[in-house]
Amino acid sequence: MQWTDRIRQVKILLVIAAAVIAVVSLLASHYLVMDLQQEERRKMETWAEALKALNNADENTDLSLVLNVIQSNNTIPVIVMDAEGNVTDYRNIKMNARTAADSADYVARYARRMYDGGNYIKIMLGDSTGDAAAQDEYQLVCYDESTLLKRLSQYPYWQLGIVMIFVVVAIIALLASKRAEQNKVWVGLSKETAHQLGTPISSLMAWVEILKENYPDDELIPEMNKDVKRLELIAERFSKIGSLPEPVDASMNEVLKHVVDYMDRRTSKRVEIVRHLPDQEVIVKMNASLFEWVIENLCKNAVDAMEGKGRIDLTLLEEDNRVAIEVADNGKGIRKKDIKNVFTPGFTTKKRGWGLGLSLARRIVEEYHKGKIFVKSSEVGKGTTFRIEMNRTC
């Protein structure tokens, strides 16, 4: 459990760090865009003053500097309108119009959008020496952001999007690599365990045969033989981890009966295991040995959750072409925040647990039998119900 919590903390820290980087990046880009917007505003004010000087010029005015300022604007879209709202001039406007009327209509609408957005400069054309009517004349210099500024405004979002995609792909790749590495470790550990169990099991089988010959009436020897057979079955299960065992038709009723019989002999009399089986045999294509392991693991976890006293209900259900097995107990239950982690390798609520049982159970159900296993319900202090769903044919 501590290992799982540590992984969760690392993920939270990474998310917080990514959020901080994103906010800093957006703020930096925002201030840069604001500075460029102010710079373009100043350029347009200078351009408007040059236009005013051009309109008020006489034959003695040197217009070389004014013309240079006006002609230097090659990036900022600008439209000049008179007091009546008629377009008198425009620069750097890209359009795709078929006729002159379409062009004029497009420019007029574009100018209106600029004006409504507050991107305009009002220049008075009259002077103090003219008549009153001339002093009221003005022009509106409407402008828009340059293409460079628009791209710069969008760039942080494109950048963050690409970074997020890269991060997601990296996380998926790391998780897949980690999962593959864990699978290799489990497979190697399982096969090595089966190999190491082989020799002592063979010796025990031989000793049991000797005891049978010397003490044929001893009632304990058959029980010893059952335990040796059990060890042999466990070794066989471990040896099959990592390979794809061939599923065969088997009775799910018999599988559950075997589990109940085994658990009854090895659990406290205060633990009641109740079977709810249909009258007819439910035949499913499966590896009975491995599937028994899954049910046993769920029952053992239920016994631990009940602390040696309570009731376990094993229910077999038929649903069209599928079957469902539910294992319910009245133990201490699982906290809501832990439900999503119960199948995570290394997660356990036991002081001496390894956190591999449910993870291996899920692998057997999902990878070997193409089914699914999940926590159907759980409430602290009332118990937990696990549910397995699988097709009749894998």
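Please refer to the structure higher up on the page.
Residues numbered from 1 in each chain as written. Predicted model: local features only at pLDDT ≥ 70, side-chain atom pairs only at ≥ 80, totals over all residues. Heavy atoms only, no water.

## What about the packing of helix α7 (residues 252–266) against helix α8 (residues 288–306)?
- Two elements in contact, α7 and α8, have axes separated by 10 Å at closest approach and are oriented at 45°. Judged by the inter-axis angle, α7 sits oblique to α8. Taken as a pair, α7 and α8 cross one another with a handedness that is right-handed. Across from M252, V255, L256, H258, V259, Y262 and M263 in α7, the residues of α8 making contact are A288, F291, E292, I295, E296, C299, K300 and V303.
- When grouped by side-chain class, the residues that make up the contact of α7 with α8 number 11 nonpolar, one polar and three charged. (Axes fitted to C-alpha atoms, helices over the stretch in contact; angles between N-to-C directions. Helix = DSSP H or I, 4+ residues; strand = E, 2+ residues; numbered from the N terminus. Parallel < 35°, antiparallel > 145°, perpendicular 65-115°, else oblique. Left-handed = near helix turned anticlockwise from the far one by under 90°. Contact = heavy atoms within 4.5 Å. Nonpolar A, V, L, I, M, F, W, Y, C, P; charged D, E, K, R; others polar.)

## Topic: the pattern of salt bridges
- Summed over all chains, the structure comprises 21 salt bridges.
- Between K212 and E209 there is a salt bridge, and its shortest N-O distance comes to 3.7 Å. Highlighted residues: K212 and E209, both in helix α5 (residues 147–214), separated by three residues, approximately one helical turn.
- For E209, a relative accessible area of 41% corresponds to the partly exposed category.
- In this structure, R335 engages D338 in a salt bridge whose closest nitrogen and oxygen atoms are separated by 2.8 Å.
- One network of salt bridges, in which partners are shared, links E319, R322, E326, K372, K376, R387 and E389. (Salt bridge = Lys/Arg side-chain N within 4 Å of Asp/Glu carboxyl O. Buried < 20%, exposed > 50% of the residue type's maximum accessible area, 1.4 Å probe, protein only.)

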